[in-house]
Amino acid sequence: MTKTFKTLDDFLGTHFIYTYDNGWEYEWYAKNDHTVDYRIHGGMVGGRWVTDQEAHIVMLTEGIYKISWTEPTGTDVALDFMPNEKKLHGTIFFPKWVEEHPEITVTYQNEHIDLMEESREKYETYPKLVVPEFANITYMGDAGQDNEDVISEAPYKEMPDDIRNGKYFDENYHRINK
(Lines give C-alpha, C1' and ligand atoms only; values in the text may rest on other atoms or scores of the structure.)
Protein backbone atom coordinates (compact mmCIF):
# COMPACT_ATOMS: atom_id res chain seq x y z
CA MET A 1 0.00 0.00 0.00
CA THR A 2 1.42 3.36 -0.99
CA LYS A 3 -0.54 6.06 0.73
CA THR A 4 0.36 9.22 2.58
CA PHE A 5 -1.44 9.43 5.90
CA LYS A 6 -2.66 12.93 6.72
CA THR A 7 -6.09 12.69 8.37
CA LEU A 8 -7.76 10.38 10.87
CA ASP A 9 -9.90 9.00 8.02
CA ASP A 10 -6.68 7.99 6.22
CA PHE A 11 -5.76 5.88 9.25
CA LEU A 12 -9.12 4.27 10.02
CA GLY A 13 -9.64 0.99 8.19
CA THR A 14 -5.91 0.32 7.88
CA HIS A 15 -4.51 -3.12 8.70
CA PHE A 16 -0.93 -3.31 10.02
CA ILE A 17 1.68 -5.93 10.83
CA TYR A 18 4.64 -4.73 12.87
CA THR A 19 7.58 -6.14 14.77
CA TYR A 20 8.84 -4.61 17.98
CA ASP A 21 12.56 -4.20 18.52
CA ASN A 22 12.34 -7.02 21.10
CA GLY A 23 11.14 -9.39 18.32
CA TRP A 24 7.44 -9.57 19.25
CA GLU A 25 5.26 -9.52 16.13
CA TYR A 26 1.74 -8.06 16.20
CA GLU A 27 -1.07 -7.61 13.70
CA TRP A 28 -3.45 -4.72 14.34
CA TYR A 29 -6.49 -3.24 12.59
CA ALA A 30 -8.04 0.22 13.07
CA LYS A 31 -11.57 -1.15 12.62
CA ASN A 32 -13.31 2.22 13.05
CA ASP A 33 -13.02 5.39 15.14
CA HIS A 34 -13.55 3.55 18.46
CA THR A 35 -12.71 -0.13 17.89
CA VAL A 36 -9.58 -2.18 17.16
CA ASP A 37 -8.94 -5.85 16.39
CA TYR A 38 -5.58 -7.58 16.77
CA ARG A 39 -3.61 -10.84 16.70
CA ILE A 40 -0.35 -11.49 18.49
CA HIS A 41 2.07 -13.64 16.52
CA GLY A 42 5.09 -13.61 18.81
CA GLY A 43 6.18 -12.68 22.29
CA MET A 44 4.98 -13.34 25.79
CA VAL A 45 1.31 -13.71 24.74
CA GLY A 46 1.81 -14.96 21.17
CA GLY A 47 -1.33 -16.75 19.95
CA ARG A 48 -3.74 -14.30 21.61
CA TRP A 49 -6.35 -12.56 19.45
CA VAL A 50 -9.08 -10.02 20.12
CA THR A 51 -11.89 -8.42 18.15
CA ASP A 52 -14.04 -5.37 18.88
CA GLN A 53 -11.77 -3.92 21.58
CA GLU A 54 -13.04 -0.46 22.52
CA ALA A 55 -10.23 2.08 22.16
CA HIS A 56 -9.49 5.78 22.14
CA ILE A 57 -8.19 6.69 18.67
CA VAL A 58 -6.96 10.22 17.95
CA MET A 59 -4.76 12.05 15.49
CA LEU A 60 -2.01 13.93 17.37
CA THR A 61 -0.87 15.86 14.33
CA GLU A 62 -0.90 15.20 10.60
CA GLY A 63 0.04 11.55 10.01
CA ILE A 64 0.64 10.65 13.69
CA TYR A 65 -1.97 8.70 15.66
CA LYS A 66 -2.36 7.62 19.30
CA ILE A 67 -4.48 4.66 20.32
CA SER A 68 -5.03 3.56 23.92
CA TRP A 69 -7.21 1.02 25.67
CA THR A 70 -7.58 -1.17 28.75
CA GLU A 71 -8.26 -4.87 28.24
CA PRO A 72 -10.45 -7.08 30.46
CA THR A 73 -7.17 -8.62 31.67
CA GLY A 74 -6.24 -5.27 33.20
CA THR A 75 -3.51 -4.78 30.59
CA ASP A 76 -3.21 -1.18 29.39
CA VAL A 77 -1.90 -0.38 25.92
CA ALA A 78 -0.77 2.89 24.33
CA LEU A 79 0.35 2.94 20.69
CA ASP A 80 1.74 5.85 18.67
CA PHE A 81 1.60 5.12 14.93
CA MET A 82 3.76 7.01 12.42
CA PRO A 83 2.71 5.10 9.28
CA ASN A 84 4.37 7.51 6.84
CA GLU A 85 7.69 6.53 8.46
CA LYS A 86 6.61 2.85 8.85
CA LYS A 87 7.25 3.11 12.59
CA LEU A 88 5.35 3.04 15.83
CA HIS A 89 6.02 3.18 19.53
CA GLY A 90 4.01 1.02 21.84
CA THR A 91 3.88 0.70 25.59
CA ILE A 92 2.16 -2.30 27.12
CA PHE A 93 1.43 -2.30 30.84
CA PHE A 94 0.98 -5.97 31.79
CA PRO A 95 -0.54 -6.73 35.21
CA LYS A 96 1.64 -8.98 37.36
CA TRP A 97 -0.76 -11.89 36.84
CA VAL A 98 -0.36 -11.74 33.04
CA GLU A 99 3.43 -11.73 33.41
CA GLU A 100 3.22 -14.78 35.70
CA HIS A 101 0.41 -16.64 33.87
CA PRO A 102 0.47 -15.46 30.22
CA GLU A 103 -0.93 -18.80 29.02
CA ILE A 104 -4.35 -17.87 30.46
CA THR A 105 -4.61 -15.01 27.96
CA VAL A 106 -3.41 -16.94 24.88
CA THR A 107 -6.84 -17.54 23.38
CA TYR A 108 -9.61 -15.73 21.56
CA GLN A 109 -10.32 -13.27 24.37
CA ASN A 110 -13.88 -12.50 23.30
CA GLU A 111 -14.99 -16.03 24.16
CA HIS A 112 -13.27 -15.93 27.58
CA ILE A 113 -14.05 -12.52 29.08
CA ASP A 114 -15.27 -14.15 32.31
CA LEU A 115 -11.95 -16.00 32.70
CA MET A 116 -9.97 -12.77 32.07
CA GLU A 117 -11.99 -10.88 34.68
CA GLU A 118 -11.81 -13.78 37.15
CA SER A 119 -8.02 -14.02 36.73
CA ARG A 120 -7.68 -10.26 37.15
CA GLU A 121 -9.43 -10.56 40.53
CA LYS A 122 -7.74 -13.83 41.61
CA TYR A 123 -4.09 -12.94 40.96
CA GLU A 124 -1.91 -9.95 41.80
CA THR A 125 -2.03 -7.03 39.38
CA TYR A 126 0.86 -4.95 40.76
CA PRO A 127 3.61 -4.24 40.06
CA LYS A 128 2.93 -4.01 36.35
CA LEU A 129 5.44 -5.14 33.77
CA VAL A 130 5.99 -2.09 31.55
CA VAL A 131 7.19 -2.89 28.02
CA PRO A 132 8.02 0.27 26.00
CA GLU A 133 9.26 -0.60 22.51
CA PHE A 134 9.69 0.87 19.07
CA ALA A 135 8.47 -1.21 16.13
CA ASN A 136 8.89 -1.34 12.38
CA ILE A 137 5.72 -1.63 10.33
CA THR A 138 6.24 -4.48 7.87
CA TYR A 139 2.79 -4.43 6.25
CA MET A 140 -0.02 -1.93 5.69
CA GLY A 141 -3.26 -2.81 3.93
CA ASP A 142 -6.34 -0.75 3.13
CA ALA A 143 -9.01 -3.09 4.53
CA GLY A 144 -11.71 -0.45 4.87
CA GLN A 145 -13.64 0.15 8.07
CA ASP A 146 -15.67 -2.54 9.83
CA ASN A 147 -14.27 -5.39 7.73
CA GLU A 148 -14.99 -8.54 9.76
CA ASP A 149 -12.59 -10.63 7.61
CA VAL A 150 -9.43 -8.85 8.74
CA ILE A 151 -9.04 -10.47 12.18
CA SER A 152 -11.38 -13.45 12.05
CA GLU A 153 -9.37 -16.52 13.00
CA ALA A 154 -6.61 -17.59 15.38
CA PRO A 155 -3.05 -16.80 14.34
CA TYR A 156 -0.93 -19.52 12.75
CA LYS A 157 2.81 -19.60 12.17
CA GLU A 158 2.89 -18.53 8.48
CA MET A 159 0.01 -16.04 8.72
CA PRO A 160 2.03 -12.78 8.70
CA ASP A 161 4.02 -13.95 5.68
CA ASP A 162 0.85 -15.15 3.93
CA ILE A 163 -0.67 -11.70 4.43
CA ARG A 164 2.47 -9.84 3.32
CA ASN A 165 2.79 -12.09 0.24
CA GLY A 166 -0.82 -11.58 -0.89
CA LYS A 167 -1.93 -15.15 -0.09
CA TYR A 168 -4.49 -14.33 2.61
CA PHE A 169 -6.82 -11.61 1.25
CA ASP A 170 -8.36 -11.17 -2.19
CA GLU A 171 -8.53 -7.87 -4.12
CA ASN A 172 -11.56 -6.82 -2.01
CA TYR A 173 -9.72 -7.53 1.25
CA HIS A 174 -11.74 -10.64 2.08
CA ARG A 175 -10.17 -13.87 3.30
CA ILE A 176 -9.35 -16.20 0.44
CA ASN A 177 -9.77 -19.47 2.40
CA LYS A 178 -12.67 -19.41 4.82
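Definitions and cut-offs
Residue numbers run consecutively from 1 along every chain, following the written order of its sequence. pLDDT decides what is reported in this predicted model: residues at 70 or higher carry local features, side-chain atom pairs at 80 or more are listed and counted, and totals for whole chains, interfaces and linings draw on all residues regardless. Side-chain metrics in this entry use all non-hydrogen atoms of the structure; hydrogen atoms and water are not considered. In the sections that follow, a salt bridge refers to a side-chain nitrogen of Lys or Arg positioned within 4 Å of a carboxyl oxygen of Asp or Glu. Secondary structure elements are taken from DSSP: a helix is a run of H or I of four residues or more, a strand is a run of E of two residues or more, and numbering for both begins at the N terminus. Only protein chains enter the accessibility calculation, which uses a 1.4 Å probe. A residue is then buried if its area is under 20% of the maximum for its type, exposed if over 50%, and partly exposed in between. Cavity: a set of points on a 1 Å grid over the protein atoms alone where a 1.4 Å probe fits but cannot get out. Pocket: an open set with protein on both sides within 12 Å along at least five of seven lines, its lining residues, like those of a cavity, having an atom within 4 Å of a point. Grid points are joined across faces, edges and corners, and a volume is the space filled by probe spheres set on the points. Amino acids outside the nonpolar list (Ala, Val, Leu, Ile, Met, Phe, Trp, Tyr, Cys, Pro) and the charged list (Asp, Glu, Lys, Arg) are all regarded as polar, and Gly is one of them. UniProt positions are given in the numbering used here, feature names are shortened, and annotations may be inferred rather than shown by experiment. Note on contacts: a residue pair qualifies if any of its non-hydrogen atoms lie within 4.5 Å across the two residues.

For the protein chain, an unreviewed UniProt entry supplies the name Phenolic acid decarboxylase and the organism Companilactobacillus halodurans.

### Focus: the pattern of salt bridges
On inspection of all chains with the given rule, the structure shows 12 salt bridges. Among the ionic pairs, Glu148 bridges to Lys31, the shortest N-O distance being 3.1 Å. Taken together, the residues Glu148 in the loop between strand S9 (129-142) and helix H4 (159-164) and Lys31 in strand S2 (residues 25-32) connect sequence positions 117 residues apart. Linking Asp161 and Arg164 is a salt bridge whose minimum nitrogen-to-oxygen distance equals 3.0 Å. Separated by 3 residues within a single helix, Asp161 and Arg164 lie in helix H4, roughly one turn from each other. On the basis of relative accessible area, Asp161 is assigned to the partly exposed category, the value being 41%. With a relative accessible area of 29%, Arg164 lands in the partly exposed category. Connected via shared salt-bridge partners are Lys31, Asp37, Asp52 and Glu148.

### With respect to empty space enclosed by the protein
One way to see where empty space is left: roll a probe the size of a water molecule over the atoms. Summed over the entire model, instances satisfying the criterion amount to 1 cavity of 30 Å³ or more. For the largest cavity, the calculated volume is near 150 Å³. Forming the walls of the largest cavity are 18 residues, and the residues nearest its centre are Tyr26, Tyr38, Ile40, Glu71 and Val77. Contributing elements (two or more residues each) for the lining of the largest cavity: strand S1 (14-20), S2, strand S3 (35-40), strand S7 (76-82) and strand S8 (87-94). Here the residues of the lining of the largest cavity sort into 13 nonpolar, 3 polar and 2 charged.

### Some thoughts on the UniProt feature "active site" (unreviewed entry) in the protein chain
The positions UniProt marks with the feature "active site" (unreviewed entry) are Tyr26 and Glu71. Here the residues from the annotation list that line the largest cavity are Tyr26 and Glu71. Relative to the helices and strands, Tyr26 is located in strand S2. Setting aside its immediate chain neighbours within four residues, Tyr26 contacts Phe16, Ile17, Tyr18, Tyr20, Arg39, Ile40, His41, Gly42, Val45 and Ile92. Structurally, the position occupied by Glu71 is in the loop between strand S6 (64-70) and S7.

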